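Reading the structure
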Amino acid sequence: ALQRRRRQAYFLSRVEPASQILPLKRGGNAYIAAGQPIGTPADLQETLREVRRLSPAAVVVDSPLVTRQYLETLHRAGVLVVTFDHLARFRFPSGLVINPLLGPGREDYDHAAGTQMLLGERFAMIRPEVRRQRPQRAQEPAGTHRVLVALGEHDPARQSMAMAKSLLAGLKGVRVDVAVRSHHPDFEALKAMADQSDGRMELASEPPEIVQKLTRCHVAVSGGSGWAMDLACLGVPQVI
């Protein structure tokens, strides 16, 4: 949206894998490697230095690791603070709060006077590559039933492996796809598990692979993650 309006964006972050940096730079955007982990006092000072240097129209914060004090400090710096959040953990001092998922709802959020909230179905963000797959899904041939485990990119409770093991043991003849990113703490163990599954389990870690798994599955264990909306868009039954 910013590119369509010819507005430059600066991405102050730690991007992994590094191959994702090039897409950020397309359209004249800039990437600034963050020297500190996000949400730390040192990161806040680094962000404030960049705010003073660049004089941006807004600062967009997208991390569950930031605190209310972190956002308040940015707000006092005189810049519009835009926060992406789906946890509603504290009172938001931000000028704009965006929840890209379907929940929680407005009644769960506490915010300062003047804060604008963009929530619910109208503002939910469905990945365009998923929307484009809806016609292709109708053309999928009948075959072995597939169950997708998609508990979120970070899977904070680390349940992906346990869920995959239970499905493989309890549902004979069913193939299990597990969608996790390469930085998942159990990624290597899941990869080894897939190699030893005689083709009954497959692992998807990159967006094109994950989209393919989304369109091929018959039912999904979604855990309420961002992928839950993508699955809903495709009409896939979900266990949340």
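Look a little higher up for the structure.
Residues numbered from 1 in each chain as written. Predicted model: local features only at pLDDT ≥ 70, side-chain atom pairs only at ≥ 80, totals over all residues. Heavy atoms only, no water.

Take unusual backbone geometry next. Outside of glycine, negative phi angles account for most residues, and trans bonds account for most peptide bonds. Phi at Arg158 takes a positive value of approximately 55°, unusual for a residue other than glycine. With respect to the element layout, Arg158 can be found in the loop between β9 (146–149) and α6 (160–170). The phi dihedral of Asp198 is positive, around 55°, even though this residue is not glycine. (Helix = DSSP H or I, 4+ residues; strand = E, 2+ residues; numbered from the N terminus.)

Attention shifts here to the packing of aromatic side chains. Evaluated as defined, the whole model comprises 2 aromatic pairs. Consider the rings of Phe92 and Tyr109, whose centres lie 5.9 Å apart with planes at 45°: the pair is tilted. Placement of Phe92 in strand β5 (residues 91–92) and of Tyr109 in the loop between β6 (96–98) and β7 (110–111) is noted, with a sequence separation of 17 residues between them. A relative accessible area of 8% means that Tyr109 is categorised as buried. (Phe/Tyr/Trp six-rings, centres within 6.5 Å; stacked < 30°, edge-to-face > 60°. Buried < 20%, exposed > 50% of the residue type's maximum accessible area, 1.4 Å probe, protein only.)

Take the packing of helix α2 (residues 41–54) against helix α3 (residues 68–76) next. Running from amino to carboxyl end, α2 crosses α3 at an angle of 20°, the nearest separation of the two axes being 11 Å. Between α2 and α3, the interaxial angle falls into the category roughly parallel. The two elements α2 and α3 meet at a crossing, and its hand is right-handed. In contact with Asp43, Leu44, Thr47 and Leu48 of α2, α3 contributes Tyr70, Thr73 and Leu74. For the contact of α2 with α3, the residue count by class is 4 nonpolar, 2 polar and 1 charged. (Axes fitted to C-alpha atoms, helices over the stretch in contact; angles between N-to-C directions. Parallel < 35°, antiparallel > 145°, perpendicular 65-115°, else oblique. Left-handed = near helix turned anticlockwise from the far one by under 90°. Contact = heavy atoms within 4.5 Å. Nonpolar A, V, L, I, M, F, W, Y, C, P; charged D, E, K, R; others polar.)

Our next topic: the nonpolar core. One finds Val61, Leu71, Leu74 and Tyr109 to be the most contacted residues of the largest nonpolar core, which totals 18 residues. Contributing elements (two or more residues each) for this core: α2, β3 (58–61) and α3. One finds Met161, Leu167, Val174 and Met193 within the second-largest nonpolar core, a separate group that totals 17 residues. (Core = buried A, V, L, I, M, F, W, Y, C linked by side-chain atoms within 4.5 Å.)

What follows covers the sheet that holds strand β11 (residues 201–204). Spatially, β11-β10-β9-β12-β13 is the arrangement adopted by the 5 strands of the open sheet, whose pairing is parallel. Each edge of the open sheet carries a strand with a single partner, namely β11 and β13 (238–239). With 3 bridges joining them, β9 and strand β12 (residues 219–221) adopt parallel strand pairing. From the neighbouring strand, Leu148 faces β12, where its bridge partner is Ala220. Here helix α7 (residues 187–195) sits on the sheet and contacts β10 (175–179) and β11; the angle it forms with β11, its principal contact strand, is near 145°. (Pairing = 2+ DSSP bridges.)

What is shown is where atoms sit, not what they do.
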